[in-house]
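Chains, contacts and geometry: an overview
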There are 2 protein chains.
Amino acid sequence: MTTLVEVARAAGVTAATVSNVLRNRGKVGEETRQRVLEAVERLGYRPNLMARALVEGKPHTMALLVSSIANPFYPEFALEVERAARKLGYFLLVCNTNEDPAQERAYLDAIGGALAQGVIVMNADFVQLDALQDLRRRGVPVVLCMWERPQEPPPLPCVAVDLYQAGVLAAEHLLRLGHRRIGVVCGGEPGGNHRWRLRGFLDTLEQAGAALPPSCLRHGHDTIDGGRDAAHRLLAGGPGLTAVFATNDLPAVGVLQAAAELSLQVPGDLSVIGVTDIQLARQMRPPLSTVAMPTTEAAALAVQLLQSEIDASPDHVPPMRVTEAPRLVVRASTSAPRREGILGGADSGD
Amino acid sequence: MTTLVEVARAAGVTAATVSNVLRNRGKVGEETRQRVLEAVERLGYRPNLMARALVEGKPHTMALLVSSIANPFYPEFALEVERAARKLGYFLLVCNTNEDPAQERAYLDAIGGALAQGVIVMNADFVQLDALQDLRRRGVPVVLCMWERPQEPPPLPCVAVDLYQAGVLAAEHLLRLGHRRIGVVCGGEPGGNHRWRLRGFLDTLEQAGAALPPSCLRHGHDTIDGGRDAAHRLLAGGPGLTAVFATNDLPAVGVLQAAAELSLQVPGDLSVIGVTDIQLARQMRPPLSTVAMPTTEAAALAVQLLQSEIDASPDHVPPMRVTEAPRLVVRASTSAPRREGILGGADSGD
DNA sequence: CTGAAAGCGCTAACAT
DNA sequence: ATGTTAGCGCTTTCAG
């Protein structure tokens, strides 16, 4: 590998001068400049980023910690983050823990070891807030992304999206269409990460006088298969549902599949709506109505916030940035119920 | 940030000893060892990876260069690569060029500047083999991944998958089902990356005496929309096709959508088959039959090959690793034609 | 078994 | 305008 001194020697100058030329630090005569540039070109010199990082006290790298290979949302989001990070001159290191705590620890240690200047951690059920707080106390900038409840901030810098509101929007949409017998598939355990979306949905229904009976709520894994299973359990209960809200797009896709397996037309027999707006949502037939998260904005905010954490003094109250509200995206998987209670009637069942 | 000397001071030893303890270089008394370990723990010390990389002459990082945010195959593949790289003790830097040559250059320069120890480049139409060869000549390990034609290796180390064979398998499958009036949607320009799959498909048809007339071949972008457009053009030609081969899953999904828009039942009216087996293929209704690429193996081979390039002397003939052959995955999007030429008849049209 | 010293490639004062 | 010097945090001979 060509080094600075080799270039310097080739150009008949000293290392400092070459450095100055390369960093445009002025203070260099035009003629020398040319000679240096020519030598750089001729030798194919590329500055050693490690050395530079060491002396400057910072690698030009941000890390993104994601948990799961299975959830297509993360790659989609990662690319948004990469874009935003690049604009600020950072490289993005994608750290995929695959839900393995040991792997997560290993990555956090590496980041603590200046592998990256800071880390954006995707919020998920399993994140260890304590471990992240430790890391932050040790001086490593940490940003939690996709915190779901702006009203109750975590003890860490975070980007929050109001997902209670997402539940509200989904409920309002279904109510407006005339649905009254609605089911819910919740991704994850009760009390898990999706609880705010769920609560927003349930509260809105209740306020409309259409409170959801417990039998119409099923929990399942936050995956396509989990959604399908939960939907089968839900629909087998047979209370003549005309619509299903899934707390995430992945399980919503599972609901779509379950509907197909039960020969239910979507949206004719059953309307389905999810949350997030992953690419897959658009690609389903029928395309999935959903409440879109502002992912691009969240990614940008996360990167900005991490940057300001990097610049900030180590000890300060963890700031929070809130994205714009999620917004309803109506596609073809929701419509007015074909007839009230076609699958059991409004006044049968329960 | 805590440094080695601080730990050393805290433990009443010198930096070298701490280093020895941490690297398990023996030569350390048990009692000292404990004292050091305790100090490390107490101070929350993490070795600075940049410094280590600098002195060792290598960052523990591999880079993966991908071109497109839009193609879901890349994220899927990236996570496989990350996994394989991690097993060898590397971090993975995902470099997304977004098809911007300037961005690609910037990344390659950074990698040349020891940002990563080597780079895996996804083969795509636009890759500049020259630029990569330059990089390699400058001593940066480069591996080209997903080269589609093992019989004609590129001038770079590569992982090849025999995609001619993929075309053969798709053709054999359709022929075996009894299809004779078959259409093709090719992702990308004629002469582009997909030419081998296409040729394998066409050759096989021809050998079976069912050569494909030019009117039954359409080119389009290697995307869902591109596939849908091409399928519309193809099916509007109206030669009573009973099956369509798309050279990639993404356009195959587009064909599925076009079929739905034309009220064609899949597979009853039209069988559809793709190539790759991305996750989306499983998730379509009906799930897409396809010729699966050995992506996990390809990712592992690419990482291994890059490792051996890192170890190897800089000048040697570029090696090639060939994966196992692609394999047919039959799902519900292909079946025997319902009736020969239901959409025009075997002897009408043309 | 432990310490001292040199140096990885680069940058940033400070001198000249 | 250019050169000299010192060090970033770590590893690694080589002495003690």
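Heads up: these notes are all about the structure in this document. Just so it is clear, the model here is predicted, and its values are computed rather than measured.

Basis of the calculations
Residues numbered from 1 in each chain as written. Chains lettered and ligands numbered in written order. Predicted model: local features only at pLDDT ≥ 70, side-chain atom pairs only at ≥ 80, totals over all residues. Heavy atoms only, no water. Least-squares fit on C-alpha atoms with pLDDT ≥ 70 in both. Contact = heavy atoms within 4.5 Å. Near = heavy atom within 4 Å. Polar contact = N/O pair within 3.5 Å; in protein donor to acceptor, adjacent residues only side chain to side chain. Helix = DSSP H or I, 4+ residues; strand = E, 2+ residues; numbered from the N terminus. Phe/Tyr/Trp six-rings, centres within 6.5 Å; stacked < 30°, edge-to-face > 60°. Salt bridge = Lys/Arg side-chain N within 4 Å of Asp/Glu carboxyl O. Buried < 20%, exposed > 50% of the residue type's maximum accessible area, 1.4 Å probe, protein only.

Moving on to the relation of the copies chain B and chain A. Look at the two chain copies: a rotation about an axis and a shift along it is all it takes to match them. Least-squares fitting of chain B to chain A yields an RMSD of 0.1 Å, with the transformation described by 0.0 Å of translation along the axis and a rotation of 180°. A rotation of that kind, with that shift, is consistent with a two-fold axis. Minimal C-alpha distance to the rotation axis in chain B is attained by B:Leu93, lying at 2.4 Å. A shared interface surface links the copies, since 100% of the contact residues of chain B are contact residues in chain A too.

Attention now goes to the protein's contact with DNA strand D. Around DNA strand D, a shell composed of 23 residues is seen, among which A:Gly29, A:Thr32, B:Leu4, B:Tyr45 and B:Arg52 lie nearest. Restricting attention to atoms of DNA strand D within 4 Å of the protein, one finds that 78% of them are sugar or phosphate atoms. A:Val55 places a polar main-chain atom, nitrogen or oxygen, 3.5 Å from a base oxygen of DNA strand D. In the environment of DNA strand D, a phosphate oxygen lies 3.0 Å from a nitrogen or oxygen atom belonging to the side chain of B:Ser19. Looking at the surface near DNA strand D element by element, the count peaks at three residues for helix α4 (residues 49-56) of chain B.

A few words now on the packing of aromatic side chains. Note on aromatic pairs: each is described by the distance of the centres and the angle between the planes. The tally for this structure, following the rule as stated, stands at eight aromatic pairs over all chains. These aromatic residues form a ring-pair network of at least three members: A:Phe73, A:Tyr74 and A:Phe77.

Right, let's talk about the pattern of salt bridges for a bit. Residues and elements named next belong to chain A. Under the criterion given, the structure shown has 28 salt bridges over all chains. The partner of Glu309 in a salt bridge is Arg136, with the nearest N and O atoms 3.6 Å apart. One end of the pair, Glu309, is in helix α13 (residues 295-311); the other, Arg136, is in helix α7 (residues 129-137), with 173 residues separating them in the sequence. Take Arg136: its relative accessible area is 13%, and that puts it in the buried class.

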